[in-house]
Amino acid sequence: HAKERLEQLQQQLWKAEAALEGVLEGIKGEVEGYHQQLSQVRVELAPWEKRIGEVAGRISVVASERDVLAKKADDARRRLDAALKALSGAQQGAAHKQQQMADIRAATERCRQQIAAHKAELAAGHADEAKLEASVREARERAGSLRADVNGSAQKSGLVLALMTAKARNEVSGVYGRLGDLGAIDAKYDVAVSTAVGALDYIVVETTSDAQRCVEYLRKHNLGVATFLILEKQKHLAAAAAQRVQTPEGIPRLYDLVKIKDDKLRPAFMYAMQNTLVADTLDQAARISYNSERKFKRVVTLQGQLIAETGTMSGGGNRQSRGRMTLGSAAPRTGAAADAKAAAAELKKEEAKLAELSTALQSARDQITACTKALKAAERQLSELELAAPKAEMEAKAEEDKAADIQQRLEDLKRATQVDAEDAKRIGELSLEIGREEKGLAELRSQTQGLEAQAAALQVKIDNAGGEKLKKAKAAVAKLEKDIADGETDAAKKAVQVTSHTKQAEKIKKERVKDEKERERMEGEVKRMEQELQEMEDQAGKVLVLVQATQEQLAAKQAEVEKAQAEVSDIAARHGIIRKTEFEIESALEQMSKLHKEESGKVSRWQAEIESIQHKFTELTGGDTVMVDMAELDKSAEDYLYHASVLEAELVKMSPDIGAIEDFRAKAADYEQRAAELDAVTAQRDELRRHHETLRKARLDEFMAGFNIISLKLKEMYQMITLGGDAELELVDSLDPFTEGIVFSVRPPKKSWKNISNLSGGEKTLSSLSLVFALHHYKPTPLYVMDEIDAALDFKNVSIVGHYIKDRTKNAQFIIISLRNNMFELADRLVGIYKTDNTTKTVAINPGKFVMPTVSAAAPAAGGAGSGKENNGPQPMAVA
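The rules behind the values
- Position numbers for residues count from 1 along each chain, tracking the sequence in the order it is written.
- Totals for whole chains, interfaces and linings use all residues, but because this is a predicted model, local features are given only for residues with pLDDT of at least 70 and pairs of side-chain atoms are given and counted only at 80 or more.
- With hydrogens and water stripped out, all remaining heavy atoms of the structure feed into the side-chain values.
- The helix count covers DSSP runs of H or I at least four residues long, the strand count covers runs of E at least two residues long, and both are numbered beginning at the N terminus.
- Here the term buried applies to any residue with accessible area under 20% of the maximum for its type, exposed to any over 50%, and partly exposed to those in between, with areas from a 1.4 Å probe on protein chains only.
- Residue contacts are defined here by distance: any two heavy atoms, one from each residue, within 4.5 Å place the two residues in contact.
- Two strands qualify as a pair provided DSSP detects at least 2 bridges between them.
- Here, a salt bridge means any side-chain nitrogen of Lys or Arg that lies within 4 Å of a carboxyl oxygen of Asp or Glu.
- Paired rings are identified among Phe, Tyr and Trp, the last through its six-membered ring, by centres lying within 6.5 Å, and are further divided according to the angle between planes into stacked (under 30 degrees), edge-to-face (over 60) and tilted (the rest).
- Helix axes are fitted to C-alpha atoms over the stretch in contact, other axes to C-alpha atoms as well, and angles between N-to-C directions run from 0 to 180 degrees.
- Any angle between 65 and 115 degrees counts as roughly perpendicular, while under 35 counts as roughly parallel, over 145 as roughly antiparallel, and the rest as oblique.
- Classification convention: Asp, Glu, Lys, Arg as charged; Ala, Val, Leu, Ile, Met, Phe, Trp, Tyr, Cys, Pro as nonpolar; all other residues, Gly among them, as polar.
- Across the chain, each position has a pLDDT score giving the predictor's confidence in that residue, from 0 to 100.
- Here, nonpolar core means buried Ala, Val, Leu, Ile, Met, Phe, Trp, Tyr and Cys residues that are tied together by side-chain atoms lying within 4.5 Å of each other.

Helix and strand counts for the protein come out as 17 helices and 18 strands. The buried share of the protein, reckoned over its 880 residues, is 29%. Once local pairs closer than 6 in sequence are excluded, the contacts in the protein between residues at least 24 apart make up 71%.

For the rest of this paragraph, the subject is unusual backbone geometry. Phi is positive for N170, close to 65°, though the residue is something other than glycine. With respect to the helices and strands, the residue N170 is situated in the loop between helix 2 (28–168) and strand 1 (175–178). A relative accessible area of 69% places N170 in the exposed class. Residues other than glycine seldom take positive phi values, yet L723 does so here, at roughly 60°.

So, about the sheet that holds strand 10 (residues 326–327). Here 3 strands make up an open sheet; going across it, the order is 5-2-10 and the pairing mixed. Unpaired on one side and paired on the other, strand 5 (259–260) and strand 10 mark the two borders of the sheet. Pairing of strand 2 (residues 183–185) with strand 10, which is carried by 2 bridges, proceeds in the parallel orientation. Pairing of A184 across the sheet is with T326, part of strand 10.

Oppositely charged side chains can form a pair if their charged atoms are brought close together. Tallied over the entire structure, the rule returns 26 salt bridges. One network of salt bridges, with partners in common, ties together E129, E133 and R365.

Another point: the packing of aromatic side chains. By the definition in use, this model includes 4 aromatic pairs. Measuring from centroid to centroid gives 5.9 Å for F703 and F707, while their planes differ by 20°, and the two rings are stacked. On the criterion of helical spacing, the pair formed by F703 and F707 is a turn pair, its members being 4 residues apart in helix 13 (residues 659–722). A residue is classified by how much of its surface remains accessible, and F707, at 10% relative accessible area, is buried. Three or more aromatic residues joined by ring pairs form one cluster here, namely F703, F707 and F738.

Time to look at the environment of R436. Checked against the element boundaries, R436 lands in helix 9 (residues 421–447). Looking at R436, the relative accessible area reads 57%, which means it is exposed. Between the C-alpha atoms of R436 and I59, which are 377 residues apart in sequence, the distance is 9.3 Å.

Attention now moves to the packing of helix 13 against helix 16 (residues 795–808). The contact between helix 13 and helix 16 brings their axes to 9 Å, and the two run at 130°. On the basis of their axis angle, the class for helix 13 and helix 16 is oblique. Each of M717, M720 and I721 in helix 13 lies in contact with helix 16, whose residues at this interface are N797, I800, V801 and Y804. For the contact of helix 13 with helix 16, the per-class residue count stands at 6 nonpolar, 1 polar and no charged.

A few words now on the confidence of the model for the protein. Confidence in the prediction for the protein averages 77 pLDDT; 80% of positions are at 70 or higher. pLDDT under 50 marks residues 334–338. Its contacts with residues more than four places away, or in other chains, come to 6 contacts. In the model, residues 623–631 has pLDDT below 50 throughout and makes 6 contacts with residues more than four positions away in sequence or in other chains.

With 32 residues, the main nonpolar core has L254, F269 and M273 as its most contacted residues. Every element with two or more residues in this core is listed here: helix 3 (190–196) and helix 6 (266–273). In terms of residue count, helix 6 provides more of this core than any other element does, 5 residues in total. Setting aside residues no more than four positions away along its own chain, F269 makes contact with L179, L182, G183, Y255, V258, I260, Q274 and M325. Listed in part, the 29 residues of the second largest apolar core include I710, L759, V798 and F814.

This is how it looks when you write it as structure tokens:
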């Protein structure tokens, strides 16, 4: 359809062109006459147009010369205005920067004051923390000791309470209570008396028969084992108890420090404490024990170190013995129950004090944490201010230098705005000449005005020849040409669309075939997966059956395990009871053996004493027969024999292995030797550990101090070199910086943070130089050798680096190989290396001697020596 339409339009175009040619042929004679007249007019007009062109050219040349002369003054005025504006801006900028510097200085001073205050507060906080930690540690130790004492005394108090209850029911008699509960001592001597007096846990009774009944009562009710102190057996100590003695160096006797509830109990305390003295220090105790008379050989210190009569020393350890005697300034009014309650009350008080100290310690630590954060923030702010101060100073200096430079050039600019007399005269002459030429040009144009009007009229006649018929024919031809062009364009578009649609259809067919194959494959895959699913469901059913059976078996086994565990717990409990009973029996056996030995010795001693007295009495009475009250003697002997028989019966019943004591002593001695060796090795190990920890901490502290200094200087160096960038050194592992290393990250100006490995060549150079300069600041080196460090840098950065190195030469020497003139021109000594006749040669000069002095700049100066690389031509290479 489109092709037929184009053919029709082409035929119509041919017809329209034929019609147009016919119209043009009809008016050919008329138009030809007009053309001949127009040619004649143009021939007459040509000389006048030539003269007009010559005059216009002269006017243009003269006007250009005049404009050049006038433009020079105009440009000078514009430069002067711009300079005045720049001067005002520089002065305002300098004033702003000066104000900014003043604000920075004030903020820096405030920041320093805050840092000093935070450091003082932090030091005070650390001191308070150390004191509170020591107090908490002491309170925790006291509470632990009191807790152990309360637990121990509860068991002892229970036995005593049982006996006191039996006394109230008249089941036993003559029981006074536990010896430690019948007297009181000042808390200062608590450790000393608890360590030195082992008999404080003895139960005081009146007579031997009272003790026997108490033993039978305890055995009958299975209440445990107790040791009884019989008052009637201690009557021989009454005189010693009432006697005051003079002690070496005036130190107190432990017995004299006790406030006793009842005076008749004093022999019991004398029996338990003897002449034991209390010294302040171990040195004093050793001096008194080893240099005093026999009865003052036993001395105990306030810390619980005891020197026995035999000269052996005991004490020390992590836990001190305390709480075995009632504490106070007056004799106690009650017995074991009150002692237990007092110990519990003291424990409660100590735990409350510990909680209060722990709260105070946590508060102090929180305050230290807050103060540390504030200090770090202030130090960070101070670092930023210290970095901002030199930057602001440099910017203010730059603005002031800019203003001074503009001020210096201002007079020259003002003089440049003034036009000299010769130029002004020339501009006037040129203006007169332009006026004359323009007047002549106007006269020429007025003379050619008639010919130009005639030529224009002839041109109108030529254009209007043929009339409306010619216009319609031209319009018809133009319209048909446009329609044909549009039709061809549309046909081309449709042909392209047909081609595209054909390709798309072929592609869709291929995709359809592919989709059909994929659908068939997916259907097969679905069937296969359905089969697998069915198989898995069957297997899952079997597994569920097995799981159910296993769970049943597990439940049965669990029940068996729980039953076995219950049996094990029961056996363990019974084993513990047996072990406890065994230990109690062994302790009782040892006490009874000791007591039996003592009682046997007493019987022999008293029998010998009786025989001696009888012998003396016989001598005094002259051999007369004396009637002795044998009933009393028999009664005493019977008591001793009864007590001895009871002990022997108990010994036979227990059937102890006496040899086990010697084995125990040998094992104990071997254990003490091994323990001493272990303590020595442990102390040596702890000392080495402390030394290692000290060295490790010193290494870490020195490294972190240097790391912080280098990090701050690196940031400052990079900001100085890049005029606005930032750099950071970060520890991969802040807890142990020596294992993982350090990450070097930088942020070039107007860019994001990047690792140094991801930077360009120039950025890597600036980053590396910043790190080198930071290391130089931390630990200066007398000599540096740098090989073409400026190869990847632009002109500005080379100048910055060069001037910085020049400034650093005051305390180090830099040897720099360079091909950049703004680097080696700053050198104090320049060495050029070149090659002639295949031979390398050098030439050394002082660049400062070749600098031409100017008004606005001075010759640069630097220090150092030079070196370089071999090149084909004489290339200057610098070292600063």
